[in-house]
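# Topology and contacts: notes
Listed here are the chains, written in short residue letters.
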Amino acid sequence: MAFELGIYHFGELTPNPTTGIPPKPGVRLRELIEQARAADDAGLDVFAVGEHHRTDFAVSTPAVVLAAMAENTRDIKLSSAVTVLSSDDPVRVFQQFATLDLISGGRAEIIAGRGSYTESFPLFGYDLHDYADLFAEKLDLLLRLREENPVTWHGTMRPPLNQGDITPQPDRELPVWVAVGGTAASVVRAARQGLPLSLAIIGGSYVHFRPFVDLYRQTAEESGHDPARMKVSINSPGFIAASHREAIEVSHPYFQAGWMANHHQRGRGVPMPRAAYEAQSSAAGAFFLGSTQEVIDTIMAQYQLFRHDRMMIQLGYGDVPQKEMLKAIDLLGSEVAPVVRKEIASLEDATTEARA
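Because the structure is a prediction, the values reported are computed rather than measured.

Let's shift gears to the packing of helix α3 (residues 90-104) against helix α5 (residues 131-147). Contact geometry for α3 and α5: axes closest at 9 Å, N-to-C directions at 45°. The angle between α3 and α5 places the two elements in the oblique class. Where α3 crosses over α5, the two elements pack in a sense that is right-handed. Touching P90, V91, V93 and F94 of α3 are K138, L141, L142, L145 and R146, all from α5. Residue composition of the contact of α3 with α5, grouped by class: seven nonpolar, no polar and two charged.

Below, the structure is given as structure tokens:
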């Protein structure tokens, strides 16, 4: 698989830092569809949307939003980021994404996670004490649904299936990634099941996450999987503009507002002063933030460390205005992606020659 670059978005409804007024959900959803079309036109590889069940986010049903994007795009892969599988029903998830895959001509993906936002658990009648067990069992069922139809399955967290006929069936095996935020047990689970790893790095130094990628590949090999075929995606916030100063000045007020208003539990926002935000754009920081060359340098530095397959930017968190978002998407696709792909291809060619 060639190195992939993409964008993910939570569809947050952050109050504007100047006016204090949040965008309307319908406006935000239409903007996301326009962003996906722009990303497709710019030649990016993936566009993903998250799942949240709060009034400060617009996307509670990723498959519906992605289906609208499918009708407005041609080539770009369309993914959840994430599907909160623990509080959903795997049969419905499979049906929704199988439908999306058929509508999009084979472009659907699922990034399944336990969910760092927990509102969906009481909303759908689940106990947070079962947080880990729910995900493990439901992931098992989701994977079984990819393998056979009709399906017979028994668990403890949902009613059993006895020759359940699941429709529609996609024309291929649906890609399922496992989302991890830095928990070793989740890394090991993905590796043992031979599933691609989607690793979120939302702050600090990205270097500290190298042990998780090493653990993933080591466990995969011990479990009988070829480490070279195990895909890894690195996912972090960021923003891109013509210059470093512009990237910071445009995005920081919105990022700071979003970090305070929408970050995990309501009323427990995390301050992000400009100095701290700037620090995340440094060579050691986790964010893909700055000019096109700075973002290229960050991607390549991370690639040297992780040798990953995909990079996803949470672009413009906190509702950066649509005009600036579309500019950033174009820069990512037209100026960053071609250089990164070329440099990574050269690195891989050199590695292959050295091994020969």
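Glancing now at the packing of aromatic side chains. For any two aromatic rings, the description comes down to two numbers: the centre-to-centre distance and the angle of the planes. One pass over the structure, following the stated rule, counts twelve aromatic pairs. Between F3 and Y303 the ring centres are 5.7 Å apart and the planes differ by 90°, which places this aromatic pair in the edge-to-face class. Of this pair, F3 sits in the segment before β1 (4-9) while Y303 sits in helix α10 (residues 292-306), and the two are 300 residues apart along the sequence. For Y303, a relative accessible area of 4% corresponds to the buried category. With 5.4 Å between their ring centres and 55° between their planes, F255 and F287 make a pair best called tilted. Placement of the pair is F255 in helix α8 (residues 244-261) and F287 in the loop between α9 (274-280) and β11 (288-291), with a sequence separation of 32 residues.

Before going further, it helps to examine the pattern of salt bridges. By the definition in use, this model includes 17 salt bridges. Members of the salt-bridge network, linked through shared partners, are E4, K77, E109 and R310.

Attention now goes to unusual backbone geometry. Here A81 and V82 are connected by a cis peptide whose omega angle stands at 10°. Considering the arrangement of structural elements, one finds V82 in the loop between β3 (77-80) and β4 (83-84). Backbone geometry places Q163, a non-glycine residue, at a positive phi of 55°. Despite not being glycine, R307 has its phi angle at roughly 50°, a positive value.

Conventions adopted
- Residues numbered from 1 in each chain as written.
- Predicted model: local features only at pLDDT ≥ 70, side-chain atom pairs only at ≥ 80, totals over all residues.
- Heavy atoms only, no water.
- Axes fitted to C-alpha atoms, helices over the stretch in contact; angles between N-to-C directions.
- Helix = DSSP H or I, 4+ residues; strand = E, 2+ residues; numbered from the N terminus.
- Parallel < 35°, antiparallel > 145°, perpendicular 65-115°, else oblique.
- Left-handed = near helix turned anticlockwise from the far one by under 90°.
- Contact = heavy atoms within 4.5 Å.
- Nonpolar A, V, L, I, M, F, W, Y, C, P; charged D, E, K, R; others polar.
- Phe/Tyr/Trp six-rings, centres within 6.5 Å; stacked < 30°, edge-to-face > 60°.
- Buried < 20%, exposed > 50% of the residue type's maximum accessible area, 1.4 Å probe, protein only.
- Salt bridge = Lys/Arg side-chain N within 4 Å of Asp/Glu carboxyl O.

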